[in-house]
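Notes for the structure review
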Amino acid sequence: MKRNILIIGSGGREHAFVKALKRSPNLGQLYVLPGNGGMNGEATAVDLRPNDFPAIIKFCKTAAIDVVLVGPEAPLVEGIADELELEGINVFGPSKKASQLEGSKDFMKEVVWRYNVPTAEYKTFTDAGEAKKYIRIKGVPIVVKTDGLAAGKGVTVAMTVEEANRAVDEAFDGKFGDAGKKLVIEEFLDGEEISFFVISDGKNVIEFGSAQDHKRAFDGDKGPNTGGMGTYSPAPIVNDFLRKKTFEQIIIPTINGLARDGIPFKGFLFAGLMVDGHGNPKLLEYNIRMGDPETQSILTRLESDFVEIIYAAATGSLSKIKDVKFSSDSALCVVMAAKGYPEEYKKNFEIDMSEAENSAEVKAGKAMVYHAGTALSSGKLTSIGGRVLGVTGRGATLKEAFDNAYSCVAKIRTPDLFFRKDIGWRELGRGK
Ligand code: AMP
Ligand code: GLY
């Protein structure tokens, strides 16, 4: 049956949603709020603010929306799912309370600790003196995290006591506003980091792919932390052993524990895991949404009907979906960002896509360009954000996916953009 869908968001993740939904025969009308310059012709843009809930509700009723798919965390943490559901509108995304898994590190640690999920040992502080005493006793390396959302900047992995103490002082001095009034200080975990995704309707859970992200701005994992400069999927270290452990020890106890606590979790659950040398996962963090740019590489491989999955999950009938199928191909996404990102960056420069759009890779479906910070003004594509494009290659091997992605990147000749040249280094360096 045809479903009308409204996507909330404007990034590369949401463009990947658009393209995956368009592949379904069950898609009715597709709207995106507010969308970006690359979605023109693929979805109808809705010119409303993602936090204007009354206007969104009105729009959903007028446009007979069957399900709202929320991309970013902010509207979820602000309670968009609760507001829509009160009006009888189906939404795929967690309630305000369940969104605290990402919105408050203290909440997240308290619940998962109670559910016996393997995670770093921690303590929560509202006083600088107490926090520093704990750092002195525990020693370094140690990790200092603001309790609330801080646009990816609230985490300090401190190698020295001075660095850890500085992070404490900065947070309590107001660098992150209310988000830093409370701090979680936790044990440093060593290993290989992966992003593991599931989809839940509150009761049933299905795996929804894995990926590895590159968070630092420059090659060799140097430079400042970013929202993510590139990903590949699947994460090659995810085997049946790791999958089983992750489900049994982390995902299922969390979903069941939350349901028992009266906070059923509906939506995408993104587990950031640290996997040790013996293949044992520990939970670093939960996000209550898909990752960006993980979605770009994961959804490129999706073979199941995305409309059916989202609709079933949003309406509590995920049990009807037997499994979610992904291609055995690999996908690799290279983020092209505006020079200066993640600090002050250039805006409003023109992006020339013509050569990439007409390239053999794109025409053969071996590469696709997901837009993020782009806008169309008077027929011209311009940049309006830090991360501008997510060029994604696919292939039978990760190396092929890498080659397809970078050969398309080379055709986007825009000097104000930069990108990492080593996405996938960890795996490709192993000789795959
Ligand atoms: P978060 O926002 O909690 O994901 O933290 C950002 C990044 O900091 C993670 O992706 C990890 O690379 C790193 N990180 C967070 N917690 C820890 C930890 N306990 N041990 C080591 N690295 C961590
Ligand atoms: N790429 C990491 C994130 O979406 O949080």
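What you see is a predicted model; the values in this text were computed from it and never measured. (Residues numbered from 1 in each chain as written. Chains lettered and ligands numbered in written order. Predicted model: local features only at pLDDT ≥ 70, side-chain atom pairs only at ≥ 80, totals over all residues. Heavy atoms only, no water.)

Brief notes about the site of ligand 2
Close contacts around ligand 2 come from Asp213, Gly227, Phe270, Asn287, Arg289, Gly291, Asp292, Pro293 and Glu294, and that covers them all. Interatomic distance of 2.8 Å between a side-chain N/O atom of Asp213 and a nitrogen atom of ligand 2. In the environment of ligand 2, a nitrogen atom lies 2.8 Å from a nitrogen or oxygen atom belonging to the side chain of Glu294. Against a free-state accessible area of 200 Å², the protein chains account for coverage of 88% of ligand 2. (Near = heavy atom within 4 Å. Polar contact = N/O pair within 3.5 Å; in protein donor to acceptor, adjacent residues only side chain to side chain. Areas by Shrake-Rupley, 256 points an atom, 1.4 Å probe, with all protein chains shown as cover.)

Some words on the sheet that holds strand β2 (residues 27-34)
With parallel pairing, the five strands of this open sheet are ordered in space as β3-β2-β1-β4-β5. In the strand order of this sheet, the two ends are held by β3 (44-45) and β5 (91-92), each with one partner. Where strand β1 (residues 3-9) lies against strand β4 (residues 67-70), four bridges are found, and the strand directions are parallel. When the sheet's bridge partners are listed, Ile5 is paired in β4 with Val67. Along the sheet, helix α1 (residues 12-22) makes contact with β1, β2 and β4, crossing β1 at roughly 165°. (Pairing = 2+ DSSP bridges. Helix = DSSP H or I, 4+ residues; strand = E, 2+ residues; numbered from the N terminus. Contact = heavy atoms within 4.5 Å. Axes fitted to C-alpha atoms, helices over the stretch in contact; angles between N-to-C directions.)

Re the domain arrangement of the protein
Assigned domains of the protein: these are domain 1 (3-94), domain 2 (127-181), domain 3 (192-320) and domain 4 (330-429). Taking only C-alpha atoms, the centre of domain 3 and the centre of domain 4 are 24 Å apart. Regarding the contact of domain 3 and domain 4, the summed buried area is about 2100 Å², with carbon and sulfur atoms giving 58% of it. Together, Met229, Tyr232 and Thr300 form the three largest contributors to the area buried by domain 3 at its contact with domain 4, with a combined 29%. (Domains from an automatic or database assignment. Buried area = accessible area lost by both parts, 1.4 Å probe.)

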